[in-house]
Amino acid sequence: MSRSPSFSVKPELDLKPDPEALQRWIVAFCIIRFDLEQGQLIEECYPPGCLTQDEELEVAFSSFPDSISQNPNRSSIHDCIFFFRFQRQKNRPQGNVTSSEITRVDDNMLPTSPKEKVPKNSKSRNNREDTKYLYGYVFNRQRHDERLKRGGEQKSVVILSRRPFSGVFRPLLQIMGPLYFDIGKKAVENIAAYVSMWPSPVPGKLMELPIGNAMLKVNLPPSHSLPLEGGILFEESVSPMAPFLPNNQSVPQGLFHDSDLFGTFRGLLLQLWVLWELLLIGEPILIIAPTPPQCCEAVASLVSLIAPLLCSIDFRPYFTIHDPEFAHLNSLQEGDTFPPMVLGVTNLFFLKALRNIPHIVSVGSPTPNSNRGALASRTSTGKFSGRPEGFGLQQLSLKKFSPSNLLNAVKLRRDGPLCLMTEHKEAIWSSYAATTKPDTSILNRLIDAGLSPRVEESMSVVNNEILRRHFLELTTNFLAPFGPFFRTTAPSEGSSPYADPPPLPIFIADEFLSSLSARGVGKFLSKRMRSNWLDLYRKFLEGPNFMPWFQRRRAAAEQEQNRLWRLARMRTDIQQLISKMSELEIVDSFNAIERHLTEEMQLQKSGWAADDSATICQKLTGDLQAVFNVLPKDVQQLLLMNPQRAAFLQVQS
C-alpha cells in the first residue's frame, strides 16, 4: 500500500503528541484486530489508561461489521467508514472491574439557572470527566486472501471523541486509516501530534485544522445543538439560535449537517415528513440497513432532520447485541414502553429481539456479489481508493408512482418487517398517522441524478440542500409559537438599569395550547398540516425533546437579557439619573448598585467572571460613590457602619 497522498509530515516540525491538548478534540486512538481465536483485541490505545476495561470491550465490539464482505477476487481490500455512540462509564480504570461495579453517569447535567456556569479557569472546559457519551469513528479494513486462515483478516482504526463532529473525524480517518496500514504505529503518533496543535473547538464556527500538508476546513455544529455533556461550557451551550433561516447553506444549524439525507432516504422520500414528526415527538425508531456505513448515515440524517431543535433522545448510529443496553431492551415485554431512542442496526436478529419497537425503517441496498449481511464497500486490489464507503454517493433515483408500487407497498405492510429476513427492501413499518402532509412542491424540485457519478454527486448536493432547507424552515416555524417565552426586554429610556430585569413570561402548557388553538398555527404550517395539528404540539410538549430544548432556550434568553441590562449600566450617566430621583429612590439605587457590585466581585473570586468584569466593577464603584455623595450626612454615617460597604467607598469608618 502506498502512503496516502493527502498526508506528509512537515520536516521542520518536531512532532510530539500532547495528551492534555489532545483531549480538546479526541479522547483516544484505538487499533483493534479481529483475532479468529480470541475475537476482538485492542492492540493499541493512545493515550493509555483513558478507558475502563468495559469501555474497551464495548469499543472493540462496536468497531467491526456484523459479517465479512464476500468477493470472488483472490486478493482484495474492502475499506469502510462508520461511527457509533455508546454510554460512558463513570469510574476510571482500576485493575479488574466488572460491569456491575461500574455506575452510569448522572443524567442531571442542566444547571438550574444561567449563573451556574463552569469557571473559566477550570480544566473542565476541555477535559470533562463526566461526559455521558463517547463517539467512535471507525476506519475498517477487510483483507481477503484465500491463503490466510478463513480466507482473510480485518482490523479497525478508531477515533474516540466526546464530540459529535463527524465533519472533522470522518475526513481525518480518510487520512489516518490508509496511513496506519502503510507505516503502522507511527501514524497514530503523527496524527495525535497534529491534533494536539489544533486550537480548541469553537461550536458554530468555520475552523481550519492543519494535518500534515493538508488542511481540514470544517463548519462545526452550533452550540445549541450539542448535548451539555459534550465537553462544552454551559455558557457556550445556551448561545441563542439564529432567528432567521441562514442564507449560507454550508453553515450547519444542527448535528450531522453533512449527512446524505437525500441519498439515504431516496427510496422513502414521501415518508420523510412522517420521520420528521417521529423524531420531533421522540418516538423510538429502529433503522435497519445492510451495512454499518448505511445505517449510521441513516441515523445521522434523521437526527439532522429536526434542526435547529436540540435532539435529546438517545441515538445509536451503529448498535450491536454486545451493547450493555441491549439486555434491557431485549427484556421488554409486550405492553412495556420502549424508551425514546433511534437505533441503527445491520443484524436481522434485532427484528425479533426488539419486536416491541413501534417504528421500523429499512434503508440502503446490499452490494452485488454479496450475501445479505455483506459490506457495501468499495474494493481495490492494490491501493486505497481514497473514497471508502460511507462517503461515496449511491445511485439516486426518484420513485415514480405506479399501481405496481402501490401493490408492493400494501404487500410490505401485510408481510411486516420480518420479510427482510429473506430479501432487503426499503420500507417503513409504523402505525403512526402523520399530521404533516408531504410537500410535493419540494419533491418536484429534486433532481434525478442519472447514472453519471460526477453529475450524481453534484445533484445529490443540490437535493440535500433543498430538503435540509425545507425541514429547517418547517422546524423553525413549528417552534415559532414558543418565541414570546424567550422575548427579552432592555431598560426603557429614563428608567433605572440597576433594578432587576423583569422575569420572562411563565410557561403553562395548558394555557399555551389553549392560546395557540385560538390564534392558529400560522400560514406556513396551516398549508402543510392537517386539522389535528394541535395534537402534534401536545405530543411534542409531552415528549423528551421539548423540556431540554425549552430550558436551553430559556437560559439563553435570560443570559441575553442580563447582558442587555449589564450593558445599560455601563452606559448610564449616574449623575443625570439620580438628579430626577427622590431621596428614597436614591437609597434604593445605592442598595441595588451595591448588590450588583458584590455579585460581580464574588464572580471574580470564583473564576466565573466575564472578560469585562474589571471594567464593570470600576463603573459600579464609581456609580456607588456618586450616589453616596448626594445622600444626607446622617444616612451616609449609617451606611458606613458596614465595613464592606466602607471598603467599597474607600472611606474609613
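**Q** Looking at this structure, how should I read the overall build of the chain?
**A** Within the chain one finds 22 helices and 13 strands. Split into buried and exposed, the 653 residues of the chain put 53% on the buried side. Long-range pairs, those at least 24 residues apart, make up 77% of the contacts in the chain between residues at least 6 apart in sequence. As presented, the chain carries roughly 29,800 Å² of accessible surface, and 52% of it is formed by carbon and sulfur atoms.

**Q** Just checking my understanding: could you explain unusual backbone geometry for this structure?
**A** Excluding glycine, residues mostly have negative phi values, and the peptide bonds linking residues are mostly trans. Backbone torsion omega between Tyr-46 and Pro-47 reads -5°, so that peptide bond is classified as cis. Topologically, Pro-47 is positioned in the loop between strand E2 (39–46) and helix H2 (53–62). Note that the residue after Ala-307, namely Pro-308, is joined by a cis bond; omega there is 10°. With respect to the helices, strands and loops of the structure, Pro-308 is situated in the loop between helix H8 (292–305) and strand E9 (314–316). Not every positive phi belongs to a glycine, and Phe-256 is a case in point at roughly 55°. Along the chain, Phe-256 falls in the loop between helix H5 (234–237) and helix H6 (261–264).

**Q** Honestly, the sheet that holds E9 in this entry has me stumped. Any pointers?
**A** Spatial strand order, E9-E10-E8-E11-E13: 5 strands in an open sheet with mixed pairing. Sheet topology places E9 and strand E13 (427–429) at the edges, where each strand pairs with a single neighbour. Strand-to-strand twist in this sheet, taken as the mean axis angle between neighbours without regard to direction, amounts to 10°. Pairing analysis gives 4 bridges linking strand E8 (residues 285–288) to strand E10 (residues 341–345), with the strands arranged parallel. Paired with Leu-286 across the bridge in E10 is Leu-343. Packing against the sheet, H8 makes contact with E8, E9 and E10, and its axis sits at approximately 160° to E10.

**Q** Can you help me understand the pairing of strand E6 (residues 206–211) in this one?
**A** Each regular strand carries side chains that alternate between the two faces of the sheet. Going residue by residue along E6, you find Met-207, Leu-209 and Ile-211 tucked away on one face and Leu-206, Glu-208 and Pro-210 left uncovered on the opposite face. Pairing analysis gives 6 bridges linking E6 to strand E7 (residues 214–219), with the strands arranged antiparallel. Paired with Ile-211 across the two strands is Ala-214, which belongs to E7. What sits between the antiparallel neighbours E6 and E7 is a turn of 2 residues, in which Gly-212 has the positive phi angle 65°.

**Q** What exactly am I supposed to notice about the pairing of E8 here?
**A** Neither face of E8 is exposed, since Ile-285 and Ile-287 on one face and Leu-286 and Ile-288 on the opposite face are all buried. Across 4 bridges, E8 lies against strand E11 (residues 359–362) in parallel orientation. Residue pairing across strands places Ile-288 opposite Ser-362, the latter belonging to E11.

**Q** When you look at the packing of aromatic side chains in this model, what are you seeing that I'm missing?
**A** By convention here, two paired aromatic rings are described through the distance between centres and the angle between planes. Applying the stated criterion across every chain, the model contains 40 aromatic pairs. Over the aromatic face of Phe-315 sits the side chain of Arg-85, whose NZ or CZ is 4.1 Å from the ring centroid.

**Q** Looking at this structure, I do not really get empty space enclosed by the protein. What am I missing?
**A** Rolling a probe over the atoms, with the probe sized like a water molecule, indicates the empty space that remains. Tallying each qualifying case throughout the model produces 5 cavities of 30 Å³ or more. Contributing elements (two or more residues each) for the lining of the largest cavity: H8 and helix H13 (453–479). Looking at the lining of the largest cavity, the element that brings in the most residues is H13, giving 4 residues. Looking at the lining of the largest cavity residue by residue, the class counts come to 7 nonpolar, 5 polar and 2 charged.

**Q** Help me understand the pattern of salt bridges, please; the structure alone is not making it clear to me.
**A** Counted according to the given criterion, the structure contains 19 salt bridges. Residue Lys-155 pairs with Glu-43 through a salt bridge whose shortest N-O separation is 3.0 Å. In this pair, Lys-155 sits in strand E5 (residues 152–161) while Glu-43 sits in strand E2, placing the two residues 112 residues apart along the sequence. Measuring nitrogen to oxygen at the nearest pair gives 2.9 Å for the salt bridge that ties Asp-323 to Arg-316. According to the relative accessible area criterion, Arg-316 is buried, its value standing at 1%.

**Q** Sorry if this is basic, but what is going on with the packing of helix H19 (residues 583–606) against helix H20 (residues 613–629) here?
**A** Each pair of packed helices can be summarised by the angle the axes make with each other and by the distance between the axes. Interhelical geometry of H19 versus H20 gives an angle of 155° and a closest axis separation of 9 Å. The angle between H19 and H20 places the two elements in the roughly antiparallel class. Taken as a pair, H19 and H20 cross one another with a handedness that is left-handed. Residues Ile-586, Phe-590, Ile-593, Glu-594, His-596, Leu-597, Glu-600, Met-601 and Gln-604 of H19 touch H20, and the partners they reach there are Ser-613, Ala-614, Ile-616, Cys-617, Leu-620, Thr-621, Asp-623, Leu-624, Val-627 and Phe-628. Among the residues forming the contact of H19 with H20, the class breakdown is 12 nonpolar, 4 polar and 3 charged.

Cut-offs applied
- Residues numbered from 1 in each chain as written.
- Predicted model: local features only at pLDDT ≥ 70, side-chain atom pairs only at ≥ 80, totals over all residues.
- Heavy atoms only, no water.
- Helix = DSSP H or I, 4+ residues; strand = E, 2+ residues; numbered from the N terminus.
- Buried < 20%, exposed > 50% of the residue type's maximum accessible area, 1.4 Å probe, protein only.
- Contact = heavy atoms within 4.5 Å.
- Areas by Shrake-Rupley, 256 points an atom, 1.4 Å probe, with all protein chains shown as cover.
- Pairing = 2+ DSSP bridges.
- Axes fitted to C-alpha atoms, helices over the stretch in contact; angles between N-to-C directions.
- Phe/Tyr/Trp six-rings, centres within 6.5 Å; stacked < 30°, edge-to-face > 60°.
- Lys NZ or Arg CZ within 6 Å of the ring centre and 35° of its normal.
- 1 Å grid on protein atoms, 1.4 Å probe; cavity = no way out; pocket = protein on both sides within 12 Å on 5 of 7 lines; lining within 4 Å.
- Points joined across faces, edges and corners; volume = space filled by probe spheres on them.
- Nonpolar A, V, L, I, M, F, W, Y, C, P; charged D, E, K, R; others polar.
- Salt bridge = Lys/Arg side-chain N within 4 Å of Asp/Glu carboxyl O.
- Parallel < 35°, antiparallel > 145°, perpendicular 65-115°, else oblique.
- Left-handed = near helix turned anticlockwise from the far one by under 90°.

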